[in-house]
Amino acid sequence: MESKGLQDLKQKIQDYQHYGIVLLGLSSFMYLGTVIPFAGKDVTDEIVCGTTSLTGLGFTALMYFQAKRLKKQLQNIES
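1. Regarding the environment of Phe59
- Tracing the backbone shows Phe59 in helix H2 (residues 43-78).
- Note on Phe59: relative accessible area 43%, which makes it partly exposed.
- In the structure, Phe59 is positioned 36 residues away from Leu23 in sequence and 7.2 Å away in space, judged by C-alpha atoms.

2. Considering the side chain of Ser27
- Its place among the elements puts Ser27 in helix H1 (residues 4-35).
- Residue classification places Ser27 among the buried residues on the basis of a relative accessible area of 3%.
- When neighbours within four sequence positions are excluded, Ser27 is seen to be in contact with Ser53, Gly56 and Leu57.

3. A few points about H1
- In this model, H1 (32 residues) spans 46 Å end to end at C-alpha, consistent with the 46 Å of a helix rising 1.5 Å per residue.
- Within the sequence span of H1, burial applies to Leu6, Leu9, Ile13, Gly20, Ser27 and Met30.
- Elements in contact with the buried residues of H1: H2.

4. Looking at the side chain of Thr60
- The residue Thr60 is located in helix H2 in this model.
- Residue classification places Thr60 among the buried residues on the basis of a relative accessible area of 6%.
- In this structure the side chain of Thr60 is engaged in a polar contact, spanning 2.8 Å, whose partner is the backbone oxygen of Gly56.
- Ignoring anything within four residues of it in the chain, the contact list for Thr60 reads Gly20, Leu23 and Leu24.

5. Concerning a nonpolar patch on the surface
- Taken together, Tyr31, Leu32, Val35 and Ile36 make up a surface patch of nonpolar side chains, about 390 Å² in accessible area.
- Relative to the helices and strands, Ile36 resides in the loop between H1 and H2.

Conventions adopted
- Residues numbered from 1 in each chain as written.
- Predicted model: local features only at pLDDT ≥ 70, side-chain atom pairs only at ≥ 80, totals over all residues.
- Heavy atoms only, no water.
- Helix = DSSP H or I, 4+ residues; strand = E, 2+ residues; numbered from the N terminus.
- Buried < 20%, exposed > 50% of the residue type's maximum accessible area, 1.4 Å probe, protein only.
- Contact = heavy atoms within 4.5 Å.
- Expected span 1.5 Å × (residues − 1).
- Polar contact = N/O pair within 3.5 Å; in protein donor to acceptor, adjacent residues only side chain to side chain.
- Patch = residues over 30% accessible without salt bridge, like charges linked within 9 Å, V, L, I, M, F, W, Y side chains within 5 Å.
- Areas by Shrake-Rupley, 256 points an atom, 1.4 Å probe, with all protein chains shown as cover.
- Salt bridge = Lys/Arg side-chain N within 4 Å of Asp/Glu carboxyl O.

Here it is as structure tokens:
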């Protein structure tokens, strides 16, 4: 039976991966808001959508970096 610490670490890895997926989806949606033209959209809307998209991509990269770091930590503990 695995210890509680290993189970918690595996759960954190899954959580970070899920957060990354959600943030990637949000970033894609916001990017579409920047690219697709629609009536009433001004420069401010494009800037907000673009900035939000880039910020979301940054946080996505951060989540996957954390998951990768925790996976290495888990491998070190298990071996």
